[in-house]
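Observations on the model geometry
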Amino acid sequence: TWLPENSLLVFNNTRVVEARIIFHKPTGGQIEIFCLEPPPEYGSITIAMAQTGKVKWRCLIGGASKWKPGQVLHKEIGLQPSPASAAAPDPDGEAPLILEARFIGKDADAFLIELSWNPGALSFAEVLHQAGLIPLPPYIRRSAEALDSRRYQTIYARHDGSVAAPTAGLHFTEAVFAALAQRNIRRSWVTLHVGAGTFLPVKTTTLGEHPMHTECIAVDKSTIVQLRQTLVDNQPVVPVGTTSARTIESLYWLGIKIQQQPDLPYPDLLIRQWDAFELPSHSGAAEALAALLKWMEAREMNELVTTTQLLITPGYDWKIANGLITNFHQPESTLLLLIASLVGDDWKRIYNYALGHGFRFLSYGDGCLLWRQANH
């Protein structure tokens, strides 16, 4: 009843992957590899997830001091039937999955690890399904269980790549979708693969010093067409979750870049942290999306895959989203800054109400519908 008829809801259909892999050394010591993201050489998470036989991945390592240089970690498990499998498991259970990890290098934020496996026909996505664990948020102080593979996943999750769920979407069921359809509240889909950087607190003295994380987004041409038509018809656009909001707002700034440079090469079409505060924004959202569509059509593209580092903070001028469905976020997070940019100083009143009435926060918490205030 709170959503107007003819609203367009925008959902993030990323799928959480079983990104935690536990290895045990012959001496009994445990080493945990947390798969964050592929290196840039693969071009996109989708391509990296489809690799067979071996892949490189940027990872966090638990127990790294126990991993001696040159030592190869080894894990062997029985293959389980899975509809996502590219190679059918041996019905007699005689062909286990053998997974090995090799240390390649390290930068300031992560380790570069090469993972290889047999049967080599399996994709890396399937290897994670078989050998990994769902990476529950650290404030959930228990080990991941089989049920988490369903509970910590939206019912519309499609594309492997996230290390955390777009949790606002966990509130939606088939019954909710049916009720929305009766009121002609439409659905649209984008993909933003949620990285661990989403949860990094702002620890710098000023926001200008905070390095915003980069995440991969993918949006079908049909979604951009639908968004543009909704704007032309002056109907509400309401993203479900901060990731969906960040994605559709990024589309506007991509369109602005195209307006400035119509022949912009595809590799240069991405959004950096401060683009929203540095690029001119004289065009309306519908015009910016039209420019983006024209650019895609000239290249016969049906899907746009790029990255966004967009930081949405108080002072940001929202371009596409009229409201937001989201959970309650923690202090000192960029997600709370996004909320404050949408509703202004009312964020304090909203959060005080939630605290005073026992609302649950974070991933498995309560959701809320927020509307954009004027001039935000």
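Preceding block: the structure.
The structure contained in this document is the topic of the report that follows. All chains use their own residue numbering, which begins from 1 and follows the written sequence. Per-residue local features of the predicted model are confined to residues with pLDDT of at least 70, and side-chain atom pairs are confined, for both listing and counting, to 80 or more; whole-chain, interface and lining totals are unaffected and use all residues. Hydrogens and waters are ignored; side-chain quantities use all the structure's heavy atoms.

1. Overview of the overall build of the protein chain
- Comment: elements are numbered from the N terminus, with helices defined as DSSP H or I runs of at least four residues and strands as E runs of at least two. From N to C terminus, the protein chain includes ten helices and 15 strands.
- With the radius of gyration taken over C-alpha atoms, the globule rule is written as 2.2 Å times the number of residues to the power 0.38. In terms of C-alpha radius of gyration, the protein chain reaches 22 Å, essentially the compact-globule figure of 21 Å for 376 residues.
- Principal-axis analysis of the C-alpha atoms gives the protein chain an extent of 60 × 55 × 50 Å.
- Residues are treated as being in contact if the distance between any of their heavy atoms lies within 4.5 Å. Counting only contacts in the protein chain whose residues sit at least 6 apart along the sequence, the fraction spanning at least 24 positions is 74%.

2. Description of the pairing of strand 15 (residues 367-371)
- Think of it in three bands: with a 1.4 Å probe and only protein chains considered, a residue is buried below 20% of the maximum accessible area for its type, exposed above 50%, and partly exposed in between. Side-chain alternation along strand 15 places Cys-368 and Leu-370 on a buried face and Gly-367, Leu-369 and Trp-371 on a face that remains uncovered.
- In short, DSSP must find at least two bridges between two strands for them to pair. Direction of pairing for strand 14 (residues 323-327) relative to strand 15: antiparallel, over a ladder of five bridges. Among the inter-strand pairings, Leu-324 is bridged to a residue of strand 15, identified as Leu-370.

3. Remarks on the sheet that holds strand 13 (residues 303-308)
- With mixed pairing, the five strands of this open sheet are ordered in space as 12-1-10-11-13. This sheet does not close on itself; its edge strands, each paired only once, are strand 12 (237-239) and strand 13. Recorded for the sheet is a direction-independent mean angle of 30 degrees between the axes of neighbouring strands.
- Here six bridges tie strand 11 (residues 215-220) to strand 13, and the two strands are oriented antiparallel to one another. Throughout, an axis means a line fitted to C-alpha atoms (over the contacting stretch in the case of helices), and angles, computed between N-to-C directions, take values from 0 to 180 degrees.

4. Remarks on unusual backbone geometry
- Looking along the chain, the bond that leaves Asn-118 and enters Pro-119 is cis, with omega of 10 degrees.
- Residues other than glycine seldom take positive phi values, yet Asn-184 does so here, at roughly 55 degrees.
- By the secondary structure assignment, Asn-184 is in the loop between helix 4 (174-182) and strand 10 (186-192).
- In the Ramachandran plot, Asn-234 falls in the positive-phi region, its phi being about 60 degrees despite a non-glycine side chain.
- Assignment of secondary structure puts Asn-234 in the loop between helix 5 (221-232) and strand 12.
- On the basis of relative accessible area, Asn-234 is assigned to the exposed category, the value being 70%.

5. A short note on the pattern of salt bridges
- Basic side-chain nitrogens of Lys or Arg form a salt bridge, by our definition, when they fall within 4 Å of a carboxyl oxygen of Asp or Glu. Here the structure, examined in full by the defined rule, presents twelve salt bridges.
- The partner of Arg-246 in a salt bridge is Glu-215, and the shortest N-O contact between them spans 2.5 Å. Placement of the pair is Arg-246 in helix 6 (residues 242-260) and Glu-215 in strand 11, with a sequence separation of 31 residues. Accessibility assignment for this pair places Arg-246 and Glu-215 in one class, buried.
- Ionic contacts of the salt-bridge type, sharing partners, join the residues Arg-15, Glu-18 and Asp-160 into one network.

6. Regarding the pairing of strand 6 (residues 73-77)
- Side chains of strand 6 alternate between two faces, with Leu-73, Lys-75 and Ile-77 buried and His-74 and Glu-76 left unburied.
- Direction of pairing for strand 6 relative to strand 7 (residues 97-106): antiparallel, over a ladder of five bridges. Across the sheet, the residue bridging to His-74 is Glu-100, located in strand 7.

7. Here's the deal with the packing of aromatic side chains
- Centres within 6.5 Å are what make two rings of Phe, Tyr or Trp a pair, Trp counting through its six-membered ring; a difference in plane orientation under 30 degrees is then read as stacked, over 60 as edge-to-face, and the rest as tilted. Applying the stated criterion to the full structure yields 24 aromatic pairs.
- Each ring, one from Phe-11 and one from Tyr-156, has its centre 5.1 Å from the other, and the planes form 65 degrees; the classification is edge-to-face. One end of the pair, Phe-11, is in strand 1 (residues 8-12); the other, Tyr-156, is in the loop between helix 3 (148-151) and strand 9 (159-162), and 145 residues separate them in sequence. Summarising the burial analysis for this pair, Phe-11 and Tyr-156 share the class buried.

8. Details of the side chain of Thr-223
- When you line up the elements, Thr-223 lands in helix 5.
- Take Thr-223: its relative accessible area is 5%, and that puts it in the buried class.
- When residues no more than four places from it in sequence are discounted, the contact partners of Thr-223 are Ser-188, Trp-189 and Val-190.

9. Description of the nonpolar core
- Throughout this description, the term nonpolar core refers to a set of buried Ala, Val, Leu, Ile, Met, Phe, Trp, Tyr and Cys residues connected via side-chain atoms within 4.5 Å. In terms of nonpolar packing, the biggest core is built from 49 residues, with Leu-227, Leu-251, Trp-253, Leu-292, Leu-304 and Ile-320 touching the most fellow members.
- Mapped by element, the contributors of at least two residues to this core are strand 1, helix 5, helix 6, helix 8 (285-298), helix 9 (334-343), helix 10 (346-356) and strand 15.
- Residue contributions to this core peak at nine residues, all from helix 8.
- Phe-23, Met-49, Trp-67 and Leu-128 belong to the second largest nonpolar core, which has 37 residues in total.

10. A short note on helix 6
- By this rule, a helix spans an expected 1.5 Å times one less than how many residues it contains. With 19 residues, helix 6 extends 27 Å from end C-alpha to end C-alpha; this agrees with the ideal 27 Å at 1.5 Å per step.
- Extensive coverage of helix 6 is indicated by the burial of 17 of its 19 residues.

11. What to know about the sheet that holds strand 3 (residues 20-24)
- With respect to topology, six strands assemble into an open sheet ordered 3-4-5-8-7-6, the strand pairing being antiparallel. Two strands lie at the open edges of the sheet, namely strand 3 and strand 6, each paired on one side alone. Geometrically, the sheet is characterised by an average inter-axis angle of 35 degrees between neighbouring strands, direction not taken into account.
- Here strand 5 (residues 54-62) pairs with strand 8 (residues 111-118) via six bridges, running antiparallel. Opposite Lys-56, over in strand 8, you have Glu-114 as the bridge partner.
- This element, helix 2 (residues 124-131), spans strand 3, strand 4 (30-37), strand 5, strand 6, strand 7 and strand 8 of the sheet and lies at about 110 degrees to strand 7.

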